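Observations on the model geometry
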Amino acid sequence: MTVLRAVRLRKEYGRDAGLVRAVDEVDLEVRPGETVAIVGPSGCGKSTLLHLLGGLERPTGGEVHLADRRLDRMSETELSRMRRKALGFVFQAFHLVDELTARENVELPALLAGVPPRTARRRASALLERVGLADRATHLPAALSGGQRQRVAVARALIGRPLVVLADEPTGNLDSAATAAVLRLFGSLRAEGQTLVIVTHDSRTAATADRVITMRDGVLAGETRLNGGGGGLGTLAGLEG
Ligand SMILES: Nc1ncnc2c1ncn2[C@@H]1O[C@H](COP(=O)(O)OP(=O)(O)OP(=O)(O)O)[C@@H](O)[C@H]1O
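Below: a short report on this structure. Keep in mind the model is a prediction, meaning the values are calculated, not measured.

The rules behind each value
- Residues numbered from 1 in each chain as written.
- Predicted model: local features only at pLDDT ≥ 70, side-chain atom pairs only at ≥ 80, totals over all residues.
- Helix = DSSP H or I, 4+ residues; strand = E, 2+ residues; numbered from the N terminus.
- Rg over C-alpha atoms; globule rule 2.2 N^0.38 Å.
- Buried ≥ 20, exposed ≤ 12 C-beta atoms within 10 Å, placed from the backbone.
- Contact = placed C-beta atoms within 7 Å.
- Core = buried A, V, L, I, M, F, W, Y, C linked by C-beta atoms within 7 Å.
- Near = placed C-beta within 6 Å.
- Nonpolar A, V, L, I, M, F, W, Y, C, P; charged D, E, K, R; others polar.
- Axes fitted to C-alpha atoms, helices over the stretch in contact; angles between N-to-C directions.
- Parallel < 35°, antiparallel > 145°, perpendicular 65-115°, else oblique.
- Left-handed = near helix turned anticlockwise from the far one by under 90°.
- Pairing = 2+ DSSP bridges.

Things to note about the overall build of the protein
- Each helix and strand counted, the protein has 7 helices and 10 strands in total.
- Computed over C-alpha atoms, the radius of gyration of the protein comes to 18 Å, within 12% of the 18 Å expected from 2.2 N^0.38 for 241 residues, which places it in the range of a compact globule.
- If you line up the protein on its principal axes, its C-alpha atoms span 50 × 45 × 35 Å.
- For the protein, the proportion of its 241 residues judged to be buried stands at 44%.
- When contacts within the protein are restricted to residue pairs at least 6 apart in sequence, those whose partners lie at least 24 apart make up 69%.

Looking at unusual backbone geometry
- Despite not being glycine, E169 has its phi angle at roughly 50°, a positive value.
- By the element assignment, E169 lies in the loop between β7 (164-168) and α6 (176-191).
- The residue D217 is not glycine, and still its phi comes out positive at about 50°.
- Structurally, D217 can be placed in the loop between β9 (211-216) and β10 (219-225).

Digging into the nonpolar core
- In terms of nonpolar packing, the biggest core is built from 62 residues, with I38, L53, A155, L166 and V197 touching the most fellow members.
- A total of 6 residues in this core trace back to one element, the largest contributor, which is helix α5 (residues 146-158).
- For L166, the residues in contact, after removing those within four places along its chain, are L50, L53, G54, L87, F89 and V197.

Side note on the site of the ligand
- Taken together, Y13, G14, V20, A22, G40, S42, G43, C44, G45, K46, S47 and T48 are the residues near the ligand.
- Counting residues per element, the ones that place at least two in the shell around the ligand are β2 (20-30) and α1 (46-53).
- Of the residues forming the shell around the ligand, the biggest block, 3 residues, is contributed by α1.
- A per-class count over the shell around the ligand returns 4 nonpolar, 7 polar and 1 charged.

Examining the packing of helix α3 (residues 102-112) against helix α4 (residues 117-130)
- Contact pair α3 / α4: the axes reach a minimum separation of 8 Å and the direction vectors enclose 130°. With respect to each other, α3 and α4 are oriented oblique. In terms of crossing hand, the pair formed by α3 and α4 is right-handed. In this structure, α3 uses A102, R103, V106, E107, A110 and L111 to contact α4, whose residues at the interface are P117, A120, R121, R123, A124, S125, L127 and L128.
- For the contact of α3 with α4, the class distribution of residues is 9 nonpolar, 1 polar and 4 charged.

Regarding α3
- Residues of α3 that are buried: A102, R103, N105, V106, E107, P109 and A110.
- Taken together, the buried residues of α3 touch α2 (76-86), α4 and α5.
- Phi turns positive, to about 90°, at G114, one or two residues after α3.

Structural notes on the pairing of β9
- Looking at chain direction, strand β3 (residues 35-39) and β9 are connected through 4 bridges and run parallel. Bridge assignment links I38 to a residue of β9, and that residue is I213.
- Pairing of β9 with β10 involves 6 bridges; the strand directions are antiparallel. Residue pairing in the sheet places R211 in a bridge with R225 of β10.
- Remark: 2 residues form the turn of the hairpin made by β9 and β10, two consecutive strands paired antiparallel; D217 in that turn has positive phi of roughly 50°.

Concerning the sheet that holds β10
- Spatially, β6-β7-β8-β3-β9-β10 is the arrangement adopted by the 6 strands of the open sheet, whose pairing is mixed. The sheet terminates laterally at β6 (87-91) and β10, the two strands that pair on one side only. Averaged over all neighbouring strand pairs, the angle between strand axes comes to 20°, with direction disregarded.
- α1 rests against β3, β7, β8 (195-199) and β9 of the sheet, and its axis sits at about 150° to β8.

Some words on the pairing of β2
- With 7 bridges joining them, strand β1 (residues 4-13) and β2 adopt antiparallel strand pairing. By the bridge assignment for β2, E12 is matched with R21.
- The turn joining β1 and β2, which pair antiparallel and follow one another in sequence, is formed by 6 residues; a positive phi near 70° is taken by G14.

What about the sheet that holds β2?
- Spatial ordering of the open sheet is given by β2-β1-β4-β5, a layout of 4 strands whose pairing is antiparallel. Whereas interior strands pair on both sides, the edge strands pair on one side only; in this sheet they are β2 and β5 (69-70).

Let's talk about the environment of P162
- Among the secondary structure elements, P162 is positioned in the loop between α5 and β7.
- Linking P162 and K85, residues 77 residues apart in sequence, is a C-alpha distance of 6.5 Å.
- Excluding its chain neighbours within four sequence positions, the residues that come into contact with P162 are A86, L87, G88 and A157.

This is how it looks when you write it as structure tokens:
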């Protein structure tokens, strides 16, 4: 059983001599509850693959299946609805709205999805509690540390109860202590059965996964299964490009 599946997925940029095949005939299956890390050298196509999986970019060819739906065939309207309802995104640069408080940032996708304001607020408060930031609910992002901002972003990603959370370098802007806090949070999500796909350069982050996939030049070049996840840094030696 898979929750997210790519079939011969392809993305090209430019044309003729300038053609770049960023993602080249990728087949990938993610099972419910799995944490999958995608690693590989800079420019190998990790972010592009994640964007295709999340319907943020359109493939040049191939298929993306989310549960029983085909993302690659959806209209823009359907896609944005699907992204709000079934996917959660976490980015390196957090992408919080500076003018909104932590709780308002978390509520926002629910409000946009038509959830009644009281319910959205209740869920946002519960999620902020969940990520250890109940006492920061009324702070603006500028008054939060990087690690706290990223935990707000994770809470925001979870508010729609997504089938899959897609994270692009979620610890890329964080110091070691903040990275550890975000990884603990991912660990607890994993324990609760949340499906996660994480693109990362960081071996500590990759080590929290059940499966680490290495990309090179747009193709999937290898896969390491970490027994039950948290396999430790040693398991990952040599995986980072
Ligand atoms: N919008 C774009 N237009 C043209 N080329 C692009 C575009 N986005 C990405 N590329 C190219 O596609 C390739 C893959 O880029 P991508 O950002 O997916 O790599 P990455 O593995 O995520 O890199 P990094 O680890 O540095 O973020 C690169 O050669 C990049 O230059």
